[in-house]
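So you can see what is in the structure, the chains are spelled out below.
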Amino acid sequence: MVAGGDPGVAGSATAQEHWSSRFAFVMAAVGSAVGLGNLWRFPAEAGQNGGGAFVIFYIACVALIGLPLLLSETLIGRHGKSSAVESVRVVARESGGSTAWSALAVVGAIASFLIVSFYSVIAGWVLYYIGVFAGDLFASIGNGNLTGGAFAGQSAEQVQGLMPALFDNNAVMLPLHALFMGLTIYVVARGVTGGIEKVAVYLMPAFFILFLGITVYGAFSGDFAEALAFMFAFDPARLLHGPVMLSALGQAFFSLSLGSAIMITYGAYADRGVNLAKTSGMIAACDTSVAIIAGLCIFPIVFAAGLAVDSGPTLMFQTLPASFQTMPAGSLIGLLFFVMVFFAALTSSVSLLDAPTNWIRYKFGWTRARTAVLVGGLAFVIGIFSALSFNVMGEWYPLDFIAMFREQNFFGVVDGFTGKIMLPLSGLLTAIFIGWVADRRLTDAENGISGGLHLFWRFLVAWLCPIALTVILILGIFPELIG
């Protein structure tokens, strides 16, 4: 790495960057994995799929599918030491395979680019709620009601109406989208040591402190016993229920940032001294723990307020804010909660933007800063259409002639196309590539495992992962097959 600065900001546009330490790598990778998918999607999925059965199958999917693929992606990057696309080409060439396998990284990088375009819109909602709770906190302090519930004098319906009101106000939603995307671009433009890992090593510990603090608060102030029973109640009938199994499998895959070229990109920044197997295990364990604890953080508060936990995506942005009305120091805890979510959202969006940025800058020889601004700026423009999908463009269905996208607006199409097609396809190709194409001596030298565990990993990557990802891909396109 160029001394005294980041090579992507000043100096060689394509000089390879490195994490300054294993801790930085783990924090950045965990920051990528731990995002809105854990804090927003996981509790929503668990709530809609019966709790315990979903959680049990989710953990199994992380261990048997997510972790093997995570190790596969990081070893591609670490061996290739370049962009995700070029790293796959390096492994393919050295294995005597076709460089056309780099398509798996192209698909993943484009998926990351499209995801960050609407991810920034959702993160803008988080900024909105930070402002709402900050205003309510100041009002509570002024009224001498700091220890009382949030939104004093307002009904639950009024609080839950904050989200629809935001959707109707582009003068607020679009600037928040611009602000969050601007922060993301700034961090990525600063490079690995100057931006990405600095954000990770500071924000992720702060995230965990807030996360555990709010979980303890919920345990004492909410209905923790009911939440615990809901999260871990074992119902064999639900465990073998097709939709529950598919949801858990998809969540395990998506929450680890797999199929998006992110972990290949982050693996390329890792030094040879890093044991990828142990590091991948730490990343998967942290990601899974956060997802599960997120339920134990959110559900006690929601149960204590007597509200529904199966409200889906509105759980975080409508149900939970209303729940803080009945909780002690609701304004303060609500503010801290959304600040915590913001930390997770920013570290994830940085990784989403970094993958396509790194690919483009290597391809054209541009500086990191220039590439981040161009790629992030284009993602912002595309994101505008996603934001408008919640109001003026809500009834524009661009792919209505395709069954799986029927009555899906622009936001729904981009979300569905990336989540149901692009990410599973990239993951499937990765599993086939590592399991059947890549030279075994090459992968054995990189993966950091041996003996029976190594043979088990190879079996999972070559057989179980392709089967599982094929199922995700087919049922994502044809959901009617599961009834």
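As the structure is a prediction and not an experimental result, all values here were calculated from the model.

(A) Region of the structure containing the side chain of His454. Along the chain, the position of His454 falls in helix H20 (residues 451–477). Reaching out from His454, the side chain makes a polar contact with the side chain of Asn447 at a distance of 3.2 Å. Apart from residues no more than four positions distant in its own chain, His454 is found in contact with Asp444, Asn447 and Ile449.

(B) Layout of the environment of Ala252. Looking at where Ala252 falls in the secondary structure, it is placed in helix H12 (residues 242–255). Judged by its relative accessible area of 1%, Ala252 falls in the buried class. Distance from Ala252 to Tyr58, taken between C-alpha atoms, is 5.9 Å for residues 194 residues apart in sequence. The contact partners of Ala252, leaving out residues within four places of it in the chain, are Tyr58, Cys61 and Val62.

(C) Structural detail: the pattern of salt bridges. The final tally for this structure, using the stated rule, is 9 salt bridges. Of the charged contacts in the structure, one is a salt bridge between Asp354 and Arg368, with a shortest N-O distance of 2.8 Å. Taken together, the residues span a long stretch of sequence, with Asp354 in helix H16 (residues 330–364) and Arg368 in helix H17 (residues 368–388) at a distance of 14 residues. The exposure class of Asp354 is buried, given its relative accessible area of 0%. Residue Arg368 is classed as buried on the basis of its relative accessible area, which comes to 0%.

(D) Here's a closer look at the nonpolar core. Core analysis: the biggest nonpolar cluster contains 163 residues, and Leu39, Trp125, Phe207, Phe317 and Phe337 have the highest contact counts within it. With 23 residues, helix H5 (residues 103–142) is the single largest residue contributor to this core. Ignoring sequence-local partners within four residues, the contact set of Leu39 consists of Phe207, Phe211, Val290, Ala294, Ile298, Met316, Met340, Val341 and Ala344.

(E) Examining the side chain of Ser257 more closely. One can find Ser257 in the loop between H12 and helix H13 (262–268). Accessibility expressed as a relative area gives 9% for Ser257, which makes it buried. Within the structure, the side chain of Ser257 is placed 3.1 Å from the side chain of Ser32, a separation counted as a polar contact.

(F) Geometry of a nonpolar patch on the surface. A grouping of Leu64, Trp436, Leu453, Phe456, Phe459 and Trp463 is seen on the molecular surface, where their side chains present a nonpolar patch of about 650 Å² in accessible area. No other element matches the 4 residues that H20 contributes to the nonpolar patch. Among the secondary structure elements, Trp436 is positioned in helix H18 (residues 410–437).

(G) Just helix H1 (residues 22–33), in detail. Under the 1.5 Å per step criterion, the end-to-end length of H1 is 16 Å for 12 residues, consistent within 8% with the ideal 16 Å. The buried fraction of H1 is high, at 10 of 12 residues. If you check which residues of H1 are buried, you get Ala24, Phe25, Val26, Met27, Ala28, Ala29, Val30, Gly31, Ser32 and Ala33.

The rules we used
- Every chain begins its residue count from 1, and numbering advances along the sequence as written.
- A pLDDT threshold of at least 70 governs which residues receive local features in this predicted model, and a stricter bar of 80 or more applies before side-chain atom pairs are shown or counted, although totals over entire chains, interfaces and linings include all residues.
- As a convention, hydrogens and water are excluded, and side-chain values are obtained from all of the structure's heavy atoms.
- A run of H or I in DSSP becomes a helix once it reaches four residues, and a run of E becomes a strand once it reaches two; helices and strands are each numbered from the N terminus.
- A 3.5 Å cut-off defines polar contacts: any pair of N or O atoms within that distance qualifies, except that in protein one atom must be a possible hydrogen donor and the other a possible acceptor, and neighbouring residues in sequence count only when both atoms are side-chain atoms.
- In this description, contact between two residues means that some pair of their heavy atoms is separated by no more than 4.5 Å.
- Summary of the burial criterion: residues with accessible area below 20% of their type's maximum are buried, those above 50% are exposed, and those between are partly exposed, where the area comes from a 1.4 Å probe applied to protein chains only.
- Here, a salt bridge means any side-chain nitrogen of Lys or Arg that lies within 4 Å of a carboxyl oxygen of Asp or Glu.
- Residues enter a nonpolar core if they are buried and are Ala, Val, Leu, Ile, Met, Phe, Trp, Tyr or Cys, with the set joined through side-chain atoms within 4.5 Å.
- Distance thresholds for patches are 9 Å for like charges and 5 Å for nonpolar side chains (Val, Leu, Ile, Met, Phe, Trp, Tyr), applied to residues having over 30% relative accessible area and no salt bridge.
- Values of accessible area rely on a 1.4 Å probe in the Shrake-Rupley scheme; residue burial ignores everything except the protein chains shown.
- Under the convention used throughout, the expected extent of a helix is 1.5 Å for every residue step, that is, one less than its residue count.

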